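Here is how the chains run, residue by residue.
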Amino acid sequence: MAGQMLARWLACGLDPARVTVLRPSGRAVADGVRVVTDYPASLPAGSTVLLGMKPYQLADVAASLAPICAADTRLVSILAGTPIADLRRHFPMVSDIVRAIPNLPVGIGGGVIALCADQATSATAYDAVDALMAPLGLAERILDEGQFNEVTALSGCGPAFLFRFIDAFARAGEAIGLPTEQAARMALATVCGSADMAKQAADSPGVLADRVASPGGMTRQGLNVLDADDRLLKLMIDTLAAARDRGEDMARGG
Ligand SMILES: NC(=O)C1=CN([C@@H]2O[C@H](COP(=O)(O)OP(=O)(O)OC[C@H]3O[C@@H](n4cnc5c(N)ncnc54)[C@H](OP(=O)(O)O)[C@@H]3O)[C@@H](O)[C@H]2O)C=CC1
Ligand SMILES: O=C(O)[C@@H]1CCC=N1
């Protein structure tokens, strides 16, 4: 995930010489970006540190990273299900901490990034992190950190749910008789065109759906299947609730 963010920042003009990536594999990241496998003795003044490892690694990483952080270090965490209070416990010397949940399309500038900061973080630092996210897509400040697992379920996990939908849509086309490759191509193009149209339209997607349906026609018959007993809606609620609940387990150390 962090690699996608970095790829977009570099594509938008970030000087690679200003970036250091610490990753255990030491694998190269991009031309001009320094990759290290161990912590430096100190961080440059005013460094922004992006935490991009797995949430369960927080304590291990903090044990090595916290001692080299200073009061002017800015911390951005993309760790799902990891509250700001936990970050503060592991990094007591850092005052500016922003919790962020990006999603994978940030790599092409079409992402969504949910942001949250507590009262200890300065408005200047929060604004700077918000500005840093601008080239990645839509940055949304979440006022109540208690909703962070909900936004993670929606936008952080969302690309997976939509990719699954596109795949199922294509396979359904195949199941009713279309050639596999053609169904995949047409399903993807239909999703892209519909998303673009929804983005530009004055009407909501719910209204647009009804507009496709000619009275007594084919679309209505299909919508009746999706709408029966709120089938699709219930499926989406169950999907987001399961993802949210996992975030809550992770926040409890699960
Ligand atoms: N995937 C997604 O769509 C999203 C993920 N996130 C969050 O992003 C984080 C990473 O997830 P994801 O990118 O999917 O996972 P990956 O496994 O792809 O990436 C994990 C990264 O952490 C690095 N790493 C492993 N151990 C350490 C360590 N001890 N110190 C420093 N770096 C380490 C790995 O380096 P190496 O490659 O060298 O092993 C790797 O680059 C998670 O906290 C997740 O919650 C948040 C929003 C969306
Ligand atoms: O699956 C996960 O836990 C992370 C959070 C959002 C997307 N991937």
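For the structure itself, consult the block above.
Not measured: the values here are computed from a predicted model. (Residues numbered from 1 in each chain as written. Chains lettered and ligands numbered in written order. Predicted model: local features only at pLDDT ≥ 70, side-chain atom pairs only at ≥ 80, totals over all residues. Heavy atoms only, no water.)

## Points about the site of ligand 2
Here comes step 1: By nearness alone, every residue bordering ligand 2 is listed as Ala80, Thr152, Gly156 and Cys157.
Here comes step 2: In the shell around ligand 2, the residues fall into two nonpolar, two polar and no charged. (Near = heavy atom within 4 Å. Nonpolar A, V, L, I, M, F, W, Y, C, P; charged D, E, K, R; others polar.)

## Digging into the environment of Asp127
Here comes step 1: The residue Asp127 is located in helix α4 (residues 123-133) in this model.
Here comes step 2: The partly exposed category is assigned to Asp127, whose relative accessible area is 43%.
Here comes step 3: With 125 residues separating them in the primary sequence, Asp127 and Arg252 have C-alpha atoms 30 Å apart.
Here comes step 4: Among the polar contacts listed, one links the side chain of Asp127 to the side chain of Arg141, at a separation of 2.8 Å. (Helix = DSSP H or I, 4+ residues; strand = E, 2+ residues; numbered from the N terminus. Buried < 20%, exposed > 50% of the residue type's maximum accessible area, 1.4 Å probe, protein only. Polar contact = N/O pair within 3.5 Å; in protein donor to acceptor, adjacent residues only side chain to side chain.)

## Quick word on the state of the cysteines
Here comes step 1: Applying the stated criterion across every chain yields a total of zero disulfides.
Here comes step 2: You can see Cys116 has no disulfide; the closest cysteine sulfur is in Cys157, sitting 17 Å from it.
Here comes step 3: Taking relative accessible area as the criterion, Cys116 reaches 2% and is therefore assigned buried. (Disulfide = S-S within 2.5 Å.)

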